[in-house]
Amino acid sequence: MKFLVLHGPNLNMLGKREPQVYGTRTLEDINSSLEKLAGELGCMLSIYQSNSEGEMIDAIQEAVADCAGILINPAENLVIAIQSARPDASKDQDWALQS
């Protein structure tokens with residue numbers, strides 16, 4: 001079973017930007033942990049990060065073809081865009097987007 005892991009804007013800066021606020025763990029560290037867990041569960045992951053809301057919506061629409069679901073780590077300023085895209089991106093699919 002394959003899942004899309006979708007990371008939102010500025011998450012590529014984790015561990016680099018304001019580590020006293022956000023910690024020292026990088027996005028690569030998080031992705032490694034997710035890959036390890038996926039392997040233990042017998043799942044595959046497609047991991048994608050973008051600072052562009054439009055690119056993230058494109059990734060959601062493309063995932064419909066070969067992913068059983070999507071794990072979204074939206075970052076604060078993407079929540080509204082995902083909620084707006086939810087009806088169109090998941091329409092007529094076996095799975096639904098949840099934030």
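Asker: How should the overall build of the protein chain be read in this particular structure?
Answerer: Within the protein chain one finds 4 helices and 3 strands. Helices and strands appear in the protein chain in the N-to-C order β-α-α-β-α-β-α. Among the 99 residues that make up the protein chain, the fraction classed as buried is 31%. The contacts in the protein chain between residues at least 6 apart in sequence include a share of 71% that link residues at least 24 apart.

Asker: Got a minute to help me understand unusual backbone geometry in this structure?
Answerer: A negative phi angle characterises most non-glycine residues, just as the trans form characterises most peptide bonds. Positive phi, normally seen in glycine, also occurs at N10, with a value near 70 degrees. Among the secondary structure elements, N10 is positioned in the loop between β1 (2-7) and α1 (19-22). On the basis of relative accessibility, which here comes to 41%, the residue N10 falls in the partly exposed class. Positive phi values are uncommon outside glycine, yet E18 reaches one of about 45 degrees. Checked against the element boundaries, E18 lands in the loop between β1 and α1. On the basis of relative accessible area, E18 is assigned to the partly exposed category, the value being 34%.

Asker: Looking at this model, I keep getting lost on the pattern of salt bridges. Mind explaining?
Answerer: When the charged atoms of two side chains lie near each other, side chains of opposite charge can form a pair. Within this structure, the stated rule accounts for 2 salt bridges. One salt bridge in this structure joins D66 and K2, with 3.0 Å as the shortest N-O distance. Of the two residues, D66 is situated in the loop between α3 (53-63) and β3 (69-73) and K2 in strand β1; the sequence distance between them amounts to 64 residues.

Asker: Looking at this structure, how should I read the nonpolar core?
Answerer: Considering soluble globular proteins, one finds that nonpolar side chains tend to be buried as a cluster. Within the largest apolar cluster, 10 residues are counted, these being L4, L6, M56, I57, A59, I60, A63, C67, I70 and I72. Going through the elements one at a time, β1, α3 and β3 are the ones with two or more residues in this core. Ranked by the residues each element gives to this core, the list is headed by α3, at 5 residues.

Asker: Before we go on, may I ask you to explain the pairing of β1 in this structure?
Answerer: Along any regular strand the residues' side chains alternate between the sheet's two faces. Note that β1 and strand β2 (residues 44-49) share 6 bridges and pair parallel. Within the sheet, the bridge partner assigned to V5 lies in β2 and is I47.

Asker: Sorry, what's going on with the environment of N12 here?
Answerer: You can see N12 is positioned in the loop between β1 and α1. On the basis of relative accessibility, which here comes to 25%, the residue N12 falls in the partly exposed class. N12 sits 15 residues away from L27 along the chain, and the two C-alpha atoms are 5.8 Å apart. Setting aside residues up to four positions removed in sequence, N12 forms contacts with L27, Q49 and N51. A distance of 3.5 Å separates a polar atom in the side chain of N12 from a polar atom in the side chain of Q49.

Reading the values: the criteria
Residues numbered from 1 in each chain as written. Predicted model: local features only at pLDDT ≥ 70, side-chain atom pairs only at ≥ 80, totals over all residues. Heavy atoms only, no water. Helix = DSSP H or I, 4+ residues; strand = E, 2+ residues; numbered from the N terminus. Buried < 20%, exposed > 50% of the residue type's maximum accessible area, 1.4 Å probe, protein only. Contact = heavy atoms within 4.5 Å. Salt bridge = Lys/Arg side-chain N within 4 Å of Asp/Glu carboxyl O. Core = buried A, V, L, I, M, F, W, Y, C linked by side-chain atoms within 4.5 Å. Pairing = 2+ DSSP bridges. Polar contact = N/O pair within 3.5 Å; in protein donor to acceptor, adjacent residues only side chain to side chain.

Scope: geometric values only; no functional claims are made or implied.
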